[in-house]
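Results of the structural survey
Residues per chain are reported as follows:
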Amino acid sequence: METRALVIVDVQNDFCPGGTLSVPEADRIISTLNEYIRRFKAAGLPIYATRDWHPSVTKHFAEHGGVWPPHCVQQTAGAEFHPDLSLPDDAIIVSKGMDPNEDSYSGFHAFDDGGTDLATSLRSRGIQHIFVGGLATDYCVKWTVLDALKADFRVTALIDISLGVNLQPHDSERAIQEMVAAGASVATLNQMLMPVPS
Ligand code: VGL
Ligand code: ZN
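All of these numbers come straight from a predicted model, not from anything done at the bench. (Residues numbered from 1 in each chain as written. Chains lettered and ligands numbered in written order. Predicted model: local features only at pLDDT ≥ 70, side-chain atom pairs only at ≥ 80, totals over all residues. Heavy atoms only, no water.)

1. With respect to the sheet that holds strand β6 (residues 185–187)
The strands making up a sheet are joined through hydrogen bonds of the backbone, oriented either antiparallel or parallel. Stated formally: For two strands to pair, DSSP has to find at least two bridges joining them. For the purposes of this entry, the term helix denotes a DSSP run of H or I that reaches at least four residues, the term strand denotes a run of E that reaches at least two, and both are numbered from the N terminus. Every axis corresponds to a line fitted to the C-alpha atoms, with the helix fit spanning only the stretch in contact, and the corresponding angles, defined between N-to-C directions, vary from 0 to 180 degrees. We call two residues contacting when some pair of their heavy atoms lies within 4.5 Å.
One open sheet accounts for 6 strands, arranged β3-β2-β1-β4-β5-β6; its pairing is parallel. Only two strands of the sheet have a single partner each, and these edge strands are β3 (92–96) and β6. Recorded for the sheet is a direction-independent mean angle of 25 degrees between the axes of neighbouring strands. Bridging between strand β1 (residues 4–9) and strand β4 (residues 129–134) involves 6 bridges; their strand directions are parallel. When the bridges of β4 are listed, Val9 appears paired with Gly134. Where helix α1 (residues 30–42) meets the sheet, it contacts β1, β2 (47–52), β4, β5 (154–158) and β6, and its direction lies at approximately 155 degrees from that of β1. Relative to the sheet, helix α3 (residues 137–150) contacts β1, β3, β4 and β5, its axis offset from that of β4 by approximately 170 degrees.

Written as structure tokens, this is what we have:
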């Protein structure tokens, strides 16, 4: 059984230029992201996409005690995936951030349409190694990677398709250091052989 999957984190309109919590230049990772999608698809490997999927009232938002402007509110255009992202029809979408009392940065707090959480879904497919990239390096990518390692998955962080919010300068660099210290590998597209090395 194939044991690897691509996990794309939160490539949604609100995190891209023009969105309410936009990561600078986020739209510039999309062509590379689409190339990863093509390669995983060609190798017959599953593609997961997480999405931030908040209720309009949540303590995650500044107006209710959190730190962020409203973003990725369920059923709004800002919560849709970026229109240039070429997700295949069989991509598995997992949603997180629905609990108004939790930030839920990690993809491991996300559930598919049937209510199955990400770890259970990955394990049910025999996946042991995930390749993670997206938005934002210093929040959802980082927490997804750290939780994956805690749950005993092997993890490769795809640093050429990840960009950060950088509330403090260098937050993204620090996030990459934390991921590596916790056991993640890092890679970029030109270092990937397909089929992806296990
Ligand atoms: C994220 C801040 C707030 C992310 C989500 O996807 O990294 N960041 N909500
Ligand atoms: Zn959020």
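2. Side note on the coordination of the zinc ion (ligand 2)
How we decide: Coordinating donors are taken to be N, O and S atoms lying within 2.8 Å of the metal, or within 3.2 Å when the metal is Na, K or Ca; because water is excluded from the atom set, some sites may appear incomplete. For the exposure calls, accessible area comes from a 1.4 Å probe over protein chains only, and a residue counts as buried if that area is under 20% of its type's maximum, exposed if over 50%, partly exposed in between.
Only Asp52 (OD), His54 (NE2), His60 (NE2) and His71 (NE2) from the protein reach the zinc ion (ligand 2) as donors, at distances of 2.0 to 2.2 Å. The sequence motif formed by the donor residues of the zinc ion (ligand 2) is D-x1-H-x5-H-x10-H. Placement of His54 in the loop between β2 and β3 and of His71 in the loop between β2 and β3 is noted, with a sequence separation of 17 residues between them. The buried category is assigned to His54, whose relative accessible area is 0%.

3. With respect to empty space enclosed by the protein
Applicable threshold: Two kinds of site are reported from a 1 Å grid over the protein atoms alone, namely cavities, where a 1.4 Å probe fits but cannot get out, and pockets, open sets with protein on both sides within 12 Å along at least five of seven lines, and residues are called lining when an atom falls within 4 Å of a point. Grid points are joined across faces, edges and corners, and a volume is the space filled by probe spheres set on the points. In this count, Pro and Cys sit with the nonpolar residues alongside Ala, Val, Leu, Ile, Met, Phe, Trp and Tyr, while Asp, Glu, Lys and Arg are called charged and the others, Gly among them, polar.
In the structure shown here, the tally under the stated rule is 1 cavity of 30 Å³ or more. Here the lining of the largest cavity is built from residues that sort into 9 nonpolar, 2 polar and 2 charged.

4. Quick word on the site of ligand 1
Selection rule: If even one non-hydrogen atom of a residue comes within 4 Å of a molecule or strand, that residue is called near it. Polar contact is defined as a pair of N or O atoms within 3.5 Å, subject to the rule that within protein one atom must be able to donate a hydrogen and the other to accept it, and that residues adjacent in sequence are counted only when both atoms are side-chain atoms. Using a 1.4 Å probe, accessible areas were evaluated by the Shrake-Rupley method; residue-level cover was limited to the displayed protein chains. A pocket or cavity is taken to hold a molecule when more than half of that molecule's atoms are within 2 Å of the pocket's grid points.
Every residue lining ligand 1 is accounted for by Asp10, Phe15, Leu21, Asp52, His60, Trp68, His71, Tyr105, Leu135, Ala136, Tyr139 and Cys140. Contacts to ligand 1 include Asp10, whose side-chain N or O atom sits 2.6 Å from an oxygen atom. The separation between a nitrogen atom of ligand 1 and a polar side-chain atom of Asp52 is 3.1 Å. Surface burial for ligand 1 is 100%, taken as the share of its 260 Å² of free accessible area covered by protein chains. If you map ligand 1 onto the pockets, it falls in the largest cavity.

5. A look at a nonpolar patch on the surface
Selection rule: Residues enter patches when their relative accessible area tops 30% and they take part in no salt bridge; the joining distance is 9 Å for like charges and 5 Å for the nonpolar side chains Val, Leu, Ile, Met, Phe, Trp and Tyr. A pairing counts as a salt bridge when a side-chain nitrogen of Lys or Arg comes within 4 Å of a carboxyl oxygen of Asp or Glu.
On the surface, Ile159, Val180 and Val186 cluster together to form a nonpolar patch covering roughly 210 Å² of accessible area. Tracing the chain through its elements places Ile159 in the loop between β5 and α4 (171–181).

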